[in-house]
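Structure at a glance
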Amino acid sequence: MSRYAPKLSAANMGKNRLTTWTKLHRRFGDHVRRMRNSRSLTQEALAERSDLSVDAIRRIERGAFSPSLDTLGKLSVGLDVSLKTLFHSFDLERTDGVAEICDFLACRSGSELKLAWRVLQAMFDER
C-alpha cells in the first residue's frame, strides 16, 4: 500500500462492503425485473410460475432480499431460463439471447428441434 493511500478503518471497510452488496442486490433485482418484463409477466404471474410468494418477488426486485440457491432455482424455473443463463446475463448486464434460445430449445423434442433448425435456416438463407 502506498504511503499516500488513505487508511480505512475496519468500520469503513465494513461499510464499503455493505454498500457493494446492497448495490449488487439492487442490480440483480433490476435484472430480474427486466427479465420478467421482457416475458410480459406480472410479479404475481412470476410468483406463481416460480412457486414463490409475490412478496418474495417484490423484495428480490427491490434488492431487499438475498435469495437462497433454492429460491434462485425456483426463480429460474419461473423465468424459464437455466441458472447459468440467469447469472450469465446478469454478469453481462444484458440479456444473452443465444443462451435464452438454447434454454428454450433444451426441453423440446427431436422433431421440434429439427423444425426450429429448418425455420432458422430459412430465415437467414441468403440465396
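Scroll up to find the structure this text is about.
Figured I'd write up the structure that's included with this text.

Rules used in this analysis
- Residues numbered from 1 in each chain as written.
- Predicted model: local features only at pLDDT ≥ 70, side-chain atom pairs only at ≥ 80, totals over all residues.
- Heavy atoms only, no water.
- Core = buried A, V, L, I, M, F, W, Y, C linked by side-chain atoms within 4.5 Å.
- Buried < 20%, exposed > 50% of the residue type's maximum accessible area, 1.4 Å probe, protein only.
- Helix = DSSP H or I, 4+ residues; strand = E, 2+ residues; numbered from the N terminus.
- Contact = heavy atoms within 4.5 Å.
- Axes fitted to C-alpha atoms, helices over the stretch in contact; angles between N-to-C directions.
- Parallel < 35°, antiparallel > 145°, perpendicular 65-115°, else oblique.
- Left-handed = near helix turned anticlockwise from the far one by under 90°.
- Nonpolar A, V, L, I, M, F, W, Y, C, P; charged D, E, K, R; others polar.
- Patch = residues over 30% accessible without salt bridge, like charges linked within 9 Å, V, L, I, M, F, W, Y side chains within 5 Å.
- Areas by Shrake-Rupley, 256 points an atom, 1.4 Å probe, with all protein chains shown as cover.
- Salt bridge = Lys/Arg side-chain N within 4 Å of Asp/Glu carboxyl O.
- Arc of directions from axis to C-beta.

1. Regarding the nonpolar core
Membership of the largest hydrophobic core comes to 15 residues, with the highest contact counts inside it found for F28, V32, L46, I57, L75, L79 and L86. Looking at this core, the elements with two or more residues in it are helix 1 (10-38), helix 2 (43-50), helix 3 (54-62) and helix 4 (69-79). Those residues in contact with L79 that sit more than four places away from it in its chain are M35, R36, R39, L46, R49 and L86.

2. A look at the packing of helix 2 against helix 3
At a closest axis distance of 8 Å, the pairing of helix 2 and helix 3 adopts a crossing angle of 115 degrees. Between helix 2 and helix 3, the interaxial angle falls into the category roughly perpendicular. Where helix 2 crosses over helix 3, the handedness of that crossing is right-handed. Seen from helix 2, the contacting residues are Q43, E44, L46 and A47; seen from helix 3, they are V54, I57, R58 and E61.

3. Description of the packing of helix 2 against helix 4
It is at 7 Å that the axes of helix 2 and helix 4 come closest, and there the two elements cross at 115 degrees. Taken as axis vectors, helix 2 and helix 4 run roughly perpendicular relative to one another. Judged by the twist between their axes, the crossing of helix 2 over helix 4 is right-handed. Here L46, R49 and S50 of helix 2 lie close against helix 4, whose contacting residues are K74, L75, V77, G78 and L79. Taken together, the residues that form the contact of helix 2 with helix 4 break down as four nonpolar, two polar and two charged.

4. Observations concerning a nonpolar patch on the surface
Together, L115, W117, V119, L120, M123 and F124 line one region of the surface with nonpolar side chains, adding up to about 650 Å² of accessible area. Structurally, V119 is set in helix 7 (residues 110-124).

5. A short note on the side chain of T71
Along the chain, the position of T71 falls in helix 4. With residues up to four places along the chain from it excluded, the contact list for T71 reads L52, I60 and F65.

6. Quick word on helix 3
At 3.6 residues per turn, the α-helix brings residues three or four places apart onto the same side. By the burial criterion, the buried members of helix 3 are A56, I57, I60 and E61. Projected onto a plane normal to the axis of helix 3, the buried residues spread over an arc of 130 degrees and lie on a single side. Positioned one or two residues after helix 3, G63 has a phi angle of 80 degrees, which is positive.

7. Digging into unusual backbone geometry
Unlike most non-glycine residues, S40 shows phi in positive territory, near 55 degrees. Structurally, the position occupied by S40 is in the loop between helix 1 and helix 2. Of note in this structure, D80 is not a glycine but carries a positive phi near 60 degrees. When you line up the elements, D80 lands in the loop between helix 4 and helix 5 (83-92).

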